[in-house]
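# Structure assessment
Residue strings, one per chain:
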Amino acid sequence: MHLTHLSLTNFRNFARLDLDVPRRAVLLVGSNAQGKTSVLEAVYYLATFSSFQTHADRQLVNFLAAANSATVSVARMVGEFQNQTGMHRLEVRIILEPVGVQNGQRVRKEILFDGIKRTAGEVIGQFNAVLYIPQMSQVLEGGPEERRRLLNLALAQVLPGYARALSEYQKTLEQRNALLKLLAERGGDPAQLDFWDASLAETGAQLILWRIQAIQELERLAKRIHLALTRGKEVLRLKYLPAFDPVQANGQMVLQMDVDVDRSGCDLSFIRKGFLDALRRLRSEEIQRGVTTLGPHRDDLRFLAGKMDLGYYGSRGQVRTTLLSLKLAEVAWMKEKTGQWPVVLLDEVMAELDAERRADLLAALSGPEQCLLTTTDEHFFDAGFVHQSTLWSVQSGTVTVRG
Ligand SMILES: Nc1ncnc2c1ncn2[C@@H]1O[C@H](COP(=O)(O)OP(=O)(O)O)[C@@H](O)[C@H]1O
Ligand SMILES: [Mg+2]
């Protein structure tokens, strides 16, 4: 798939942007703090309805527009794109509106697909994108929530039903935690948990199964790409560490880092039953703690080179190369699963690589229909590639097309 048109209003430092987007490669060139990354952020938002830069949507609204808290201000992203089913128009509005008297502002999001208001869960997967930004090394080095987020954003774009299952799971989790707390504080019949246990095991098992399969598939692709990027030096492994492990739960003790756990034989009902049994076993302990301790909301994913955990021991370069391998694997995976290329968004990727790897990367980009790449210096790219690309010169929130 590919974007044909992008328009932004009051998005970050763009008061207005309105541009046709060519197929193939777009090079966004400009010095620091001009708005290059923000363009990628906007496109990625159209695919995932979330920003990789911030959890606070209000930060996306141009701050000059948002400064007057007495009026409504709106950041608007509109993407017209072509996918398997034809041409579509996707619009997201982030709306800041005044509430109360104390200059309060509330933030609200609206999504329109082909002119009709929809929920994120209904629209996700229509327009797909994969994003790399160097700051994403946090994914490897930060807490497990970063890695769950990365997984969720990739899986939700590809697996129909994933986004809905995830939000159902979150709701159930909140309800169950509220009940656990109530039982801890005021006592009551623990059998009230039966309903929530069943519901948590139902959606939780589905999420676990999807993650088992996706991580296996991503690992296969990432391993091959990473071997090439490291000239055969590093064997990359993606290690899923599910908080509830259907294999371990059934008595097979394994040393987590050293042994590859084969979960490929686990089917949905097996996972669901194991999860439910585990919740029963932990019931009195969880009531005491007032919180759900097992399940996909506590999962982790580790990245290993051989036996070394890159999140703890990887050098800066190793971490970034791993991230790039993972992102390129995500691109190939999306194509494999959906039959369509996602739009590829790469922020400042060339500066990181030596000449040979730059060439490898450009070769890897010959598949996807469209990629948007940012750079402070177009000379990082070889002349042939620049020649085939459209150059967007980005300066203080305006883009000038340079052919
Ligand atoms: N909500 C906002 N309103 C206005 N400007 C913003 C907002 N958020 C970020 N900016 C500014 O937008 C500029 C562009 O940032 P960025 O896209 O990261 O630039 P680049 O990638 O070209 O270095 C920065 O100067 C940043 O401070
Ligand atoms: Mg940037």
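Everything below is about the structure printed above this text.
Residues numbered from 1 in each chain as written. Chains lettered and ligands numbered in written order. Predicted model: local features only at pLDDT ≥ 70, side-chain atom pairs only at ≥ 80, totals over all residues.

## A closer look at helix 5 (residues 144-158)
- Given a rise of 1.5 Å per residue, 15 residues ought to cover 21 Å, and the 22 Å separating the end C-alpha atoms of helix 5 matches this to within 8%.
- Among all positions of helix 5, only Arg147, Leu150, Leu151, Leu153, Ala154, Leu155, Ala156, Gln157 and Val158 are buried.
- Packed against the buried residues of helix 5 are helix 1 (36-48), helix 4 (137-141), helix 6 (162-186), helix 7 (193-229), strand 10 (300-305) and helix 11 (316-338). (Helix = DSSP H or I, 4+ residues; strand = E, 2+ residues; numbered from the N terminus. Expected span 1.5 Å × (residues − 1). Buried ≥ 20, exposed ≤ 12 C-beta atoms within 10 Å, placed from the backbone. Contact = placed C-beta atoms within 7 Å.)

## Some thoughts on the site of ligand 1
- For ligand 1, the set of nearby residues contains 15 residues, the closest of which are Asn13, Ala33, Lys36, Thr37 and Ser38.
- Top contributing element to the shell around ligand 1 by residue count: helix 1, with three residues.
- Taken together, the residues of the shell around ligand 1 sort by class into four nonpolar, nine polar and two charged. (Near = placed C-beta within 6 Å. Nonpolar A, V, L, I, M, F, W, Y, C, P; charged D, E, K, R; others polar.)

## Topic: the sheet that holds strand 14 (residues 390-395)
- In space, the six strands of this open sheet follow the order 8-12-13-3-14-15, with mixed pairing throughout. Each edge of the open sheet is held by one strand with a lone partner, namely strand 8 (129-132) and strand 15 (398-401). Neighbour-to-neighbour, the strand axes of the sheet open up by a mean angle of 20°, direction not taken into account.
- Bridging between strand 8 and strand 12 (residues 343-347) involves four bridges; their strand directions are parallel. When the sheet's bridge partners are listed, Val130 is paired in strand 12 with Val344.
- Against the sheet, helix 11 touches strand 8 and strand 12, its axis set at about 175° to strand 8. (Pairing = 2+ DSSP bridges. Axes fitted to C-alpha atoms, helices over the stretch in contact; angles between N-to-C directions.)

## Details of unusual backbone geometry
- Phi angles above zero are rare outside glycine, and Phe49 is one such case at about 55°.
- Locating Phe49 in the fold gives a position in the loop between helix 1 and helix 2 (63-66).
- Residue classification places Phe49 among the buried positions, given that 20 C-beta atoms sit within 10 Å.
- One non-glycine residue, Glu348, adopts positive backbone phi at about 50°.
- With respect to the secondary-structure elements, Glu348 resides in the loop between strand 12 and helix 12 (355-364).

## A look at the packing of helix 7 against helix 11
- At a minimum axis distance of 8 Å, the contact between helix 7 and helix 11 shows a crossing angle of 130°. Compared by their axis directions, helix 7 and helix 11 come out oblique. Note that helix 7 runs across helix 11; the crossing there is right-handed. Of the residues in helix 11, those in contact with Glu217, Leu218, Leu221, Ala222, Ile225, His226 and Leu229 of helix 7 are Thr321, Thr322, Leu324, Ser325, Leu326, Leu328, Ala329, Glu330, Ala332 and Trp333.
- Split into classes, the residues belonging to the contact of helix 7 with helix 11 amount to 11 nonpolar, four polar and two charged. (Parallel < 35°, antiparallel > 145°, perpendicular 65-115°, else oblique. Left-handed = near helix turned anticlockwise from the far one by under 90°.)

## Here's the deal with the environment of Ile215
- Relative to the helices and strands, Ile215 resides in helix 7.
- For the pair Ile215 and Arg237, spaced 22 residues apart in sequence, the C-alpha to C-alpha distance is 9.8 Å.

## Quick word on the environment of Val139
- For Val139, the position within the fold is in helix 4.
- Along the sequence, Val139 and Arg149 sit 10 residues apart, while their C-alpha atoms lie 8.8 Å from each other.

## Some thoughts on the nonpolar core
- One finds Leu28, Val43, Tyr44, Leu46, Leu131 and Leu345 to be the most contacted residues of the largest nonpolar core, which totals 105 residues.
- Non-local contacts of Leu46, meaning those with residues more than four positions away in its chain, are made with Met77, Gly79, Leu90, Val92 and Phe127. (Core = buried A, V, L, I, M, F, W, Y, C linked by C-beta atoms within 7 Å.)

## Examining the packing of helix 7 against helix 8 (residues 268-281)
- Two elements in contact, helix 7 and helix 8, have axes separated by 8 Å at closest approach and are oriented at 135°. Considered as vectors, helix 7 and helix 8 are oriented oblique to each other. The two elements helix 7 and helix 8 meet at a crossing, and its hand is right-handed. Packed against helix 7, whose contacting residues are Asp197, Ala198, Leu200, Ala201, Glu202, Gly204, Ala205, Gln206, Ile208 and Leu209, the element helix 8 presents Leu268, Ile271, Arg272, Phe275, Leu276 and Leu279 at the interface.

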